[in-house]
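# Working through the structure, step by step
One-letter residues, chain by chain:
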Amino acid sequence: MLIFSQNASLVSMVSHIEKLAFGEAVARGFRASVTLLPIFLGFLLLQFIVLLIIGFVFSGGAMFDPAVTRVANLILFPFLAYFGCRFVPLVPIVAVEKVYNPIKVVDRAWEMTSGKALGIFVVLVVASLVTFALFAVPTFMISAAEGAAGGASNFVTIMGVLLTFPILWIVMSFISAIMASLHEEITDFDVERLADVFE
């Protein structure tokens with residue numbers, strides 16, 4: 001709930017559709033988390049059921065065999081990537097558009113991203129590469145510290161861990177900005193009309 005709340009608050013703050021003060025964004029985030037949590041749990045349950053079915057088909061019942069799980073994940077990856085792209089605007093729909101019915105949120109996301117999955121996928125791949133590059137520095141520092149001797153090893157490890165926290169904050173802000181920008185790009189909302197309504 002806290003992760004959803006944080007993400008929804010950041011998305012609502014960086015969106016150009018509506019300008020919110022910090023307190024309003026935090027309140028909007030908490031309200032959005034109540035809608036986003038059941039959607040997330042529903043997707044997890046659906047994925048688990050599909051994995052069980054694939055595992056049963058490919059293994060004759062040995063559904064938790066690691067090899068079968070790897071095959072099932074490989075089979076599912078293209079579908080997960082596609083559906084992930086189709087449901088990217090879930091958080092902005094709840095946090096910015098204030099749609100709190102989970103079924104309507106999912107339906108709106110599906111409608112908004114129709115015919116746009118490939119473009120969204122490209123944006124998400126680039127965002128993932130940027131995120132990976134940001135986290136590469138502290139990860140390299142921590143792994144390099146394992147080969148260093150004595151106090152130097154401890155110092156480099158501590159610096160790598162401490163560097164992770166501001167990078168995590170930067171990444172969360174970056175992801176929220178990407179989500180808000182994608183939402184603004186693909187939404188059919190009239191921004192000026194919304195501004196009039198919110199004022």
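Please read all numbers here as calculations on a predicted model, not as lab measurements.

## Remarks on helix α5 (residues 102-112)
- Three or more residues of α5 are buried, namely Val105, Arg108, Ala109 and Met112. For α5, the arc enclosing every buried residue in end-on projection is 100°, short of the 170-degree limit, so these residues lie on one face.

## Looking at the pattern of salt bridges
- Applying the stated criterion across every chain yields a total of 1 salt bridge.
- Linking Arg108 and Glu97 is a salt bridge whose minimum nitrogen-to-oxygen distance equals 2.5 Å. You can see Arg108 sitting in helix α5 and its partner Glu97 sitting in the loop between α4 (90-95) and α5, a full 11 residues away along the chain. The pair formed by Arg108 and Glu97 is uniform in burial state, with each residue classed as buried.

## With respect to a nonpolar patch on the surface
- Side chains of Leu118, Phe121, Val122, Val125, Val126, Leu129 and Val130 sit close together on the surface and give an oily, nonpolar patch of about 610 Å² of accessible area.
- As for its position among the elements, Val130 is in helix α6 (residues 117-145).
- By relative accessible area, Val130 is classed as partly exposed at 34%.

## Topic: helix α1 (residues 2-14)
- Between its first and last C-alpha, α1 extends 18 Å over 13 residues, near the 18 Å set by a 1.5 Å rise per residue.
- Every buried residue of α1 is listed here: Phe4, Ser5, Asn7, Ala8, Ser9, Val11 and Ser12.

## A look at the nonpolar core
- With 26 residues, the main nonpolar core has Leu36, Leu90 and Val105 as its most contacted residues.
- Mapped by element, the contributors of at least two residues to this core are α1, α2 (22-59), α4, α5, α6 and α7 (150-186).
- It is α4 that provides the largest number of residues to this core, a total of 5 residues.
- Those residues within four positions of Leu90 in sequence are excluded, and the remaining contacts are Leu36, Ile39, Phe43, Val105, Val106 and Ala109.

About the cut-offs
Residues numbered from 1 in each chain as written. Predicted model: local features only at pLDDT ≥ 70, side-chain atom pairs only at ≥ 80, totals over all residues. Heavy atoms only, no water. Buried < 20%, exposed > 50% of the residue type's maximum accessible area, 1.4 Å probe, protein only. Helix = DSSP H or I, 4+ residues; strand = E, 2+ residues; numbered from the N terminus. Arc of directions from axis to C-beta. Salt bridge = Lys/Arg side-chain N within 4 Å of Asp/Glu carboxyl O. Patch = residues over 30% accessible without salt bridge, like charges linked within 9 Å, V, L, I, M, F, W, Y side chains within 5 Å. Areas by Shrake-Rupley, 256 points an atom, 1.4 Å probe, with all protein chains shown as cover. Expected span 1.5 Å × (residues − 1). Core = buried A, V, L, I, M, F, W, Y, C linked by side-chain atoms within 4.5 Å. Contact = heavy atoms within 4.5 Å.

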